[in-house]
Amino acid sequence: MSPEQTTKVDTLSITGMTCANCSARVEKELNEQAGVVNANVNLATERATIQHDSGLSVENLIESIEKIGYGAILYDDAHKAKIAEHKRKEHHKMKRDLIVSAVLSAPMLIAMVFMMAGNHSALTMFLHRPIVQFLLATPVQFLIGWRFYKGAYHAISTKAPNMDVLVAVGTSAAYLLSIYNGFLGGDPTHLYFESSAVIITLILLGKYLEQNAKNKTSNAIKQLMALQAKEAIIIRDGKEQTVSIEEVLVGDTIRVLPGTQIPVDGRVVEGFSTVDESMLTGESLPVEKKINDDVFGGTLNSSGSFLFEATQIGSETTLSRIIRMVEEAQGTKAPIQAIADKISSVFVPAVLIIAVITLVVTALVTKNWEQSLIHSVSVLVIACPCALGLATPTAIMVGTGLGAKNGILIKNGEALERASKIDALVLDKTGTITEGKPSVTDMKIYQSDVGIEEMLTLAAILEKNSEHPLAKAIVAEAKEKNLSIASEASNFEALVGAGIKGDINQQSYYIGTKSLMTEQNIDTEMADEEVSTIESQGKTVIYVSDARQLMGIIGLADQIKATSLTAIKELESQGVEVYMMTGDNQLAAEYIGQQIGLTSEHIFAKVLPADKANYVESLKKNGKFVGMVGDGINDAPALATADVGLAMGTGTDIAMETADVTIMNGDLQKVNSTILLSKTTMKKIKQNLFWAFFYNTIGIPFAALGFLNPMVAGGAMAFSSVSVLLNSLSLNRKKIS
């Protein structure tokens, strides 16, 4: 690719894959295409994510996949309905084939059981006649089982043998042996038609149950999609009209009625209500919404009615971005999957070799070629590359979906795996440990004829003309105390870097720094001790005076979040060392540290924004696996430097884009939930891999030694994949909050 060329990422829905070898073959084919930078194929989601040169068309990519016997459809909003319909038809066809196969196989299976039980009735003997079993088994073998022959042909022609090869070879051997014994001079009492037919039926049953279970692993995505409103009530030309969600434009004024979903993202322009945002944040408590507050598409309006202006529509809404992020995460691979991929790449050829060895050795030892062939069939049909291929991606799908339902967005499978290793966590103070906005904490009066509420009222009347965060905090405090601040100040003036001044009822007042007081010849000595105490706690002090003397002081601080102390204790109980990073001086930083249980050696004070990444790097050099939690633009380098970056969703888009994990509601306790989710998901993956390895390690030798009937072997193979999927789905029952 030339330096001038740009890359793009496309996702394709892949059809026809049956096991890990299939997904590996498609992935290999895509990566061999000129112009493809990287391709990743996920068996569980049945999707391929391809980063490629923008000059390479999607049609060329689809053609390359079809060339090796698989199908592909572009996975985008325009084709999702087509993909869903295709999957529905495939699922219906599999169900129909399964029923037909079971109906045809059942008489042979029942007759075999009756014969083994000593029942030699006329019906039993009739069902054991070669021609009867031939007529029952042939449609199963070549009509129902055609999918396996077709898959085997493509697999062999592309030199990538898969599960279809094992099934086709194994069942064909049993079927042809039955033809020989029944019609060509062999022993007509030794028929294996029921084995070939029942094996195909059981494998179809396993695939059907596997598909059902795989559908459940994507329930989180479906639940999120179900939140998307279909219609909106917009106001155009002074008239209300109901339109489809696709017709909503940025800038439209939209009415939201009680009990309805908010259709798109926007900002409230009229009215008041409470909104259930649990689908975004995982928090069950409703959130109050008033004028100028943001609302999000898909959230549920509770009691009030309000108007809002649409700011984000379509694929740009928060809900659409969450769905996209979860889909992308579910399509990625965790590093641990590399183990299964390496084994899967040689698995089928190895099984074919073992089957041949079993055939030859058993025949030489027992002098019974018929029995040795049946042993080989058992080896072929018990081997299961599917369980290996599904072990990791299914757990990743369920884990990322569970995270999304709890307000935790995980960027990819690697981030989910790495979060389990965090043993040191660096917390940026502002917006992470604290609320990220100042509030009034202290007030002190120095004029005997003035009360605290009077001083706060005067300050708020002046400050309501200012956009400064400290001014907003003072106004908010006055409103909280229900003080009347309707009066207006005259001669208002903002004094850059010093404060403000203005007149109320022909009286001049000054609010600001100590230097402003000095400039106005206001004596502040009586407040020095109190100011020193407040400032030592990392708080900001504002002086309030009239034209003659100091009236009082107001202390403001960025308050510690209610959950921060509990969250830090929970993290430390899990063996995670917690560090706080702040630009405050050491004394102020240690005061905050004391309130959240951190000692001085776990506090990084006076840290410049540009140096945050260096502190993270120093911990990594000391052997720590570091997680970094932040919410601001200046946290982005540190988030990128950390082994795992976690952004508070209440912060900036840049921080969220840089981070591996986004905590939607900004609650520090969700960081512990993320680590717990990661550890639980990794435990499930390891269990899945263990059972997949254990099953094949034990099952293949047992089959080779003749301890397993081919039908039992086929059933075990079919249900091994289902057991892995069910184990992954059990993650949904885990409480991570």
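Residues numbered from 1 in each chain as written. Predicted model: local features only at pLDDT ≥ 70, side-chain atom pairs only at ≥ 80, totals over all residues. Heavy atoms only, no water.

Asks: When you look at the environment of Thr-11 in this model, what are you seeing that I'm missing?
Replies: Looking at the element boundaries, Thr-11 is found in strand β1 (residues 7–15). For Thr-11 and Ala-232, which are 221 residues apart along the polypeptide, the C-alpha to C-alpha distance reads 30 Å. Setting aside its immediate chain neighbours within four residues, Thr-11 contacts Arg-47, Ala-48, Thr-49, Ile-73, Leu-74 and Tyr-75. (Helix = DSSP H or I, 4+ residues; strand = E, 2+ residues; numbered from the N terminus. Contact = heavy atoms within 4.5 Å.)

Asks: I tried to follow helix α13 (residues 369–382) on my own but got confused; where do I start?
Replies: For an α-helix the count is 3.6 residues per turn, leaving residues at separations of three or four pointing the same way. Here α13 spans 20 Å end to end across 14 residues, near enough to the 20 Å set by a 1.5 Å rise per residue. For α13, a buried count of 11 out of 14 residues is recorded, marking the element as mostly surrounded by other parts of the structure. Among all positions in α13, only Glu-370, Ser-372, Ile-374, His-375, Ser-376, Val-377, Ser-378, Val-379, Leu-380, Val-381 and Ile-382 are buried. The opening residue of α13, the one whose side-chain oxygen lies 3.1 Å from the backbone nitrogen of Glu-370, is Asn-368. (Expected span 1.5 Å × (residues − 1). Buried < 20%, exposed > 50% of the residue type's maximum accessible area, 1.4 Å probe, protein only. Polar contact = N/O pair within 3.5 Å; in protein donor to acceptor, adjacent residues only side chain to side chain.)

Asks: Would you mind going over the side chain of Ser-172 with me for this structure?
Replies: Inspection of the secondary structure assignment puts Ser-172 in helix α7 (residues 163–183). Taking relative accessible area as the criterion, Ser-172 reaches 14% and is therefore assigned buried. At 2.6 Å, the side chain of Ser-172 and the backbone oxygen of Ala-168 are in polar contact. Dropping the residues within four chain positions of it, Ser-172 is found in contact with Gln-141, Tyr-149 and Val-167.

Asks: Explanation requested: the layout of surface pockets in the structure shown.
Replies: Gaps left between atoms are located by rolling a probe of water-molecule size over the structure's atoms. Approximately 1,400 Å³ is the volume attributed to the second largest pocket. The wall of the second largest pocket is formed by 48 residues, among which Thr-15, Glu-46, Lys-87, Glu-90 and Gln-211 lie closest to the centre. Top element by residues in the lining of the second largest pocket is helix α3 (residues 80–116). It accounts for 11 residues. Of the residues that make up the lining of the second largest pocket, three or more belong to each of domain 1 (7–76) and domain 2 (135–221 + 327–396 + 683–733). (1 Å grid on protein atoms, 1.4 Å probe; cavity = no way out; pocket = protein on both sides within 12 Å on 5 of 7 lines; lining within 4 Å. Points joined across faces, edges and corners; volume = space filled by probe spheres on them. Domains from an automatic or database assignment.)

Asks: Could you clarify how one ought to interpret the packing of aromatic side chains in this entry?
Replies: Two numbers describe a pair of aromatic rings. These are the distance of the centres and the angle of the planes. This model, assessed by the stated rule, comprises 12 aromatic pairs. Summarising the aromatic geometry, the rings of Phe-134 and Phe-193 are spaced 6.3 Å apart at their centres and angled 70° between planes, so their arrangement reads as edge-to-face. Taken together, the positions of Phe-134 in helix α5 (residues 130–144) and Phe-193 in helix α8 (residues 193–217) put the pair 59 residues apart, joining distant regions of the chain. The structure contains a cluster of three or more aromatic residues connected by ring pairs, namely Phe-134, Phe-142, Tyr-149, Tyr-175, Phe-183 and Phe-193. Above the face of the Tyr-75 ring, Arg-47 is positioned so that its terminal group lies 4.5 Å from the ring centre. (Phe/Tyr/Trp six-rings, centres within 6.5 Å; stacked < 30°, edge-to-face > 60°. Lys NZ or Arg CZ within 6 Å of the ring centre and 35° of its normal.)

Asks: Would you mind showing me how to read the packing of helix α12 (residues 337–366) against helix α14 (residues 385–405) here?
Replies: Pairs of packed helices are described in terms of their axes, by the angle between the two and the distance that separates them. Put simply, α12 and α14 touch, their axes get as near as 9 Å, and they point 165° apart. In this view, α12 runs roughly antiparallel relative to α14, as classed from their interaxial angle. For the pair α12 and α14, the sense of crossing is left-handed. Contact with α12, carried on its side by Gln-337, Ala-340, Ile-343, Ser-344, Phe-347 and Val-348, involves Pro-385, Leu-388, Thr-392 and Pro-393 of α14 and no other residues of that element. Classifying every residue of the contact of α12 with α14 by side-chain character gives 7 nonpolar, 3 polar and no charged. (Axes fitted to C-alpha atoms, helices over the stretch in contact; angles between N-to-C directions. Parallel < 35°, antiparallel > 145°, perpendicular 65-115°, else oblique. Left-handed = near helix turned anticlockwise from the far one by under 90°. Nonpolar A, V, L, I, M, F, W, Y, C, P; charged D, E, K, R; others polar.)

Asks: Looking at this structure, how should I read the sheet that holds strand β7 (residues 253–256)?
Replies: Sheets are built from strands paired through backbone hydrogen bonds, the pairs being either parallel or antiparallel. On the basis of which strands lie adjacent, the open sheet formed by 6 strands has the order β6-β5-β7-β13-β8-β11 and antiparallel pairing. Two strands lie at the open edges of the sheet, namely β6 (239–244) and β11 (294–295), each paired on one side alone. For strand β8 (residues 265–271) and β11, the ladder comprises 2 bridges, and the chain directions are antiparallel. Pairing of Gly-266 across the sheet is with Val-295, part of β11. (Pairing = 2+ DSSP bridges.)

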